[in-house]
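# Commentary on secondary and tertiary structure
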Amino acid sequence: MRRSAIVAIYLVFAFYNDAVFSQQNYSNFNQFLDYVKKQSITIRSGDIKLIQAKKAKLAALLGVLDPSGTQSLSYTNNTRIPVQIIGGQAIETGVPYVTSFSQNGEIKILNLSGWENLKLAKLNINITENDNKLTLKNLYEQLATNYYNIVNINAQIEAAIENFKSSEILWQTAESKFKQGLVKQQDVNDAKSSYLSSKENIEQYQLLLEQQYLSLKILADIPEEELFTITEVTSPVLISSNPEVSQNDLEILNATLRERSAYSNYRKSIKENLPTLNFVFNRTSQQFNQESNFFDNNVDWIRSSYIGLRLAINIPSAATLSQTYKAKYDYELAKLDTEKSKEKAKLNNKQLIIEFDQATSQAQSNLEIYNLRRDSYSKNLNLYTQGIIGIDQTINSFNAMINANYNLISSNVNVLLALAKIEINNKIQ
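Residues numbered from 1 in each chain as written. Predicted model: local features only at pLDDT ≥ 70, side-chain atom pairs only at ≥ 80, totals over all residues. Heavy atoms only, no water.

Residue position: Thr338 is located in helix α7 (residues 318–385). In this structure Thr338 comes out as buried when scored by relative accessible area, which is 5%. At 2.7 Å, the side chain of Thr338 forms a polar contact with the side chain of Glu259. Not counting residues within four places of it along the chain, the set of residues in contact with Thr338 comprises Ala255, Thr256 and Glu259. (Helix = DSSP H or I, 4+ residues; strand = E, 2+ residues; numbered from the N terminus. Buried < 20%, exposed > 50% of the residue type's maximum accessible area, 1.4 Å probe, protein only. Polar contact = N/O pair within 3.5 Å; in protein donor to acceptor, adjacent residues only side chain to side chain. Contact = heavy atoms within 4.5 Å.)

This paragraph deals with the environment of Thr70. Tracing the backbone through its elements, the reader meets Thr70 in strand β2 (residues 68–77). Exposure remark for Thr70: the relative accessible area of 46% places this residue in the partly exposed category. On a C-alpha basis, the gap between Thr70 and Ile252 in space is 47 Å, while along the polypeptide they are 182 residues apart. Apart from residues lying up to four places away in sequence, Thr70 is in contact with Ser102, Gln103 and Asn104. Reaching out from Thr70, the side chain makes a polar contact with the side chain of Asn104 at a distance of 2.8 Å.

An α-helix turns once per 3.6 residues; consequently, residues spaced three or four apart project the same way. Its 36 residues give helix α5 (residues 185–220) an end-to-end C-alpha distance of 53 Å, which sits within 8% of 52 Å, the value for a rise of 1.5 Å per residue. Phi turns positive one or two residues past the end of α5, at Asp221, with a value near 60°. (Expected span 1.5 Å × (residues − 1).)

Another aspect to go through is the packing of α5 against helix α8 (residues 391–427). If you want to describe how two helices pack, look at the angle between their axes and the distance between the axes. At a closest axis distance of 9 Å, the pairing of α5 and α8 adopts a crossing angle of 15°. When the axes of α5 and α8 are compared, the pair comes out roughly parallel. Like other packed secondary-structure pairs, α5 and α8 cross with a definite hand, here right-handed. In this structure, α5 uses Asp187, Asp190, Ala191, Ser194, Ser198, Asn201 and Tyr205 to contact α8, whose residues at the interface are Ile391, Asp392, Ile395, Phe398, Asn399 and Tyr406. A class-by-class count of the residues in the contact of α5 with α8 yields six nonpolar, four polar and three charged. (Axes fitted to C-alpha atoms, helices over the stretch in contact; angles between N-to-C directions. Parallel < 35°, antiparallel > 145°, perpendicular 65-115°, else oblique. Left-handed = near helix turned anticlockwise from the far one by under 90°. Nonpolar A, V, L, I, M, F, W, Y, C, P; charged D, E, K, R; others polar.)

Another point: unusual backbone geometry. Comment: phi is negative for the bulk of residues other than glycine, and the bulk of peptide bonds are trans. Residue Asp66 is not a glycine yet carries a positive backbone phi of 45°. Residue position: Asp66 is located in the loop between α3 (41–65) and β2.

Moving on to the nonpolar core. Counting residues in hydrophobic clusters, the biggest one holds 59 residues, and the most contacted among them are Phe29, Phe32, Leu143, Tyr148, Leu170, Phe228 and Ile230. Those elements that provide at least two residues to this core are α2 (29–37), α4 (112–179), α5, β6 (228–230), α7 and α8. A per-element tally of this core places α4 first, with 19 residues. Ranked by size, the runner-up nonpolar core spans eight residues in total, among them Phe356, Ala359, Ala363 and Ile422. (Core = buried A, V, L, I, M, F, W, Y, C linked by side-chain atoms within 4.5 Å.)

Following this line, the structure appears as structure tokens:
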């Protein structure tokens, strides 16, 4: 029974390793990011938003002059011609059929709100570019956390299999001593319980690994049917010197741009109530016919035209005044956000340094603890074999060694994660 269970565990792990080599493997985080860039809908959405902002700028540029106009062609049948009384007689003053072609247009010469809207559109491009960088930075940080969770679980599975082997040896030792009449059945039961717990740990880690892969696929917009494997191996990280953490001003720049945008929007709302000066023109061609001909080559076209200037003065309404006040207070709030972002950027920088120092310190401490726990278990197992100590003390030292190993693995992965976050911080600026 024991042998079949052990063989089953090894087969599962062997199948897992075979799957690793039959799929696309990623042995470091940067390599995985290159793959994600081709898959992520979030990244592609940012590109579309930037194109949209640039098109909006072109529309705003056209909106400075805001040209408008119409062309119309009409054909009228005057079923009853109007008359005027001249010298006591009723005289018709029109013709039955009129064909008319008209063109008119308008261009804004003085349009202060249009110029402000163009400035607003240019700022929106900068905001979109910066937003895309912030989104990318946040996405990479989330991916790093998920990625190194998988690295951690992979290492935990390998450790769990080694622990499983050790628990099997302990169980064998207890059974051998029981057959010799040296220990009670309780020793065998305790050793078997430890063995079964080690076996269950492997199965639980396998299920947790599947969940993490699904979470990573959701985060990176990777299709469910696409297979890939993360094969990065953990080991004690040797740090000769602390990595340099550069000041990341993306959030400060984002807040500053939004403050400028809010101010520009406030100015635009004010200028929308200022007068505009428009150049206007019109050209009309008419043909008057006695017969019902749409176009008659024998009848001349009568043409008229005009050009001029028109001054338009808007009277502020309750809605426009409310919009102006709202824009003003939005600008005041944006200024406060800028101040807040400056302090937050400094704290984020310090946090990265603290997280790295904490992770490296914990890793070094956990390495020493694991070496001590492993030595204690090795000696306790030898003492138990000699009948000097009981099974309880041996199992306790075994569990302490297991926990110390798991802690060591997690702390080593935390160092890698801290380094990845620092690299992301320094790279995406």
